[in-house]
Each structure stands twice: as structure tokens, then as C-alpha cells.
Amino acid sequence: MPAVENHIDRIALPRSLVGRRRRTYVCTWKFRIGAIVEFHGDRGMVIQHTRTAMGRELYLIWFRVGDERPYRWVLGSALNHTH
């Protein structure tokens, strides 16, 4: 019996089945989680960070417990470091 070849050319596959290379995205953040930051004169702590579809940094900030809005999503460009 002849040997059966199991290899299929990539071109012969439908586009939905063709594997695509994924980019590994390595980024550096302006603020680390747990950092104390300032937003319009109020100090808060970075709880979480993510990126928008356009690649801008978005941070979840926790402010005082008695504040009306203790958690806020803020763009990184609106935050300042506190020392």
C-alpha cells in the first residue's frame, strides 16, 4: 500500500481555518497597580488598568470611602504621580 500523505497545503484551506500569527503585545504602564495618583486635586489609588481600542491607558482609581463616587475610570493622561 502506498503511504498516505496527511499534509494539506495552507492555500487549499478555507480562510477561516487558516491559522493567523498572533502578536504578543508587551507594554509598560505609566502607573503600577497600588500607586497613589492625583486626579484634579484628589488623591486616589490605582486598582486596575487596561487599554482602550486606540491604545490609550485607562485606569480604575479608588478614592475616599465617603466620596460620592469612590471608583472612577480615568485616562492615564489625566493622572499625575504623587510622591
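Bear in mind that the values here come from a model prediction, so they are computed numbers and not experimental data.

So, how was this worked out
- Residues numbered from 1 in each chain as written.
- Predicted model: local features only at pLDDT ≥ 70, side-chain atom pairs only at ≥ 80, totals over all residues.
- Heavy atoms only, no water.
- Core = buried A, V, L, I, M, F, W, Y, C linked by side-chain atoms within 4.5 Å.
- Buried < 20%, exposed > 50% of the residue type's maximum accessible area, 1.4 Å probe, protein only.
- Helix = DSSP H or I, 4+ residues; strand = E, 2+ residues; numbered from the N terminus.
- Contact = heavy atoms within 4.5 Å.
- Polar contact = N/O pair within 3.5 Å; in protein donor to acceptor, adjacent residues only side chain to side chain.
- Phe/Tyr/Trp six-rings, centres within 6.5 Å; stacked < 30°, edge-to-face > 60°.

Moving on: the nonpolar core. Counting residues in each nonpolar core, the largest one holds ten residues, listed as F31, A35, V37, F39, V46, Y59, I61, F63, V74 and L79. Of all the secondary-structure elements, those providing two or more residues to this core are β1 (36–39) and β3 (57–62). The residues touching F39, leaving out its near neighbours within four places in the chain, are F63, R72, V74, A78 and L79.

The subject of this paragraph is the environment of A35. Inspection of the secondary structure assignment puts A35 in the segment before β1. Between the C-alpha atoms of A35 and V46, which are eleven residues apart in sequence, the distance is 5.5 Å. For A35, the residues in contact, after removing those within four places along its chain, are G44, M45 and V46.

Here we take up the environment of R51. Within the fold, R51 resides in strand β2 (residues 42–51). According to the relative accessible area criterion, R51 is partly exposed, its value standing at 23%. At 3.3 Å, the side chain of R51 forms a polar contact with the backbone oxygen of T28. Within the structure, R51 has its side chain in polar contact with the backbone oxygen of G55 (distance 2.8 Å).

Moving on: the packing of aromatic side chains. Scanning the model with the defined rule gives three aromatic pairs in all. An angle of 80 degrees between the planes, with centres 5.4 Å apart, marks the rings of F31 and Y59 as edge-to-face. Taken together, the residues F31 in the segment before β1 and Y59 in strand β3 connect sequence positions 28 residues apart. As far as burial versus exposure is concerned, F31 and Y59 are alike and both buried.

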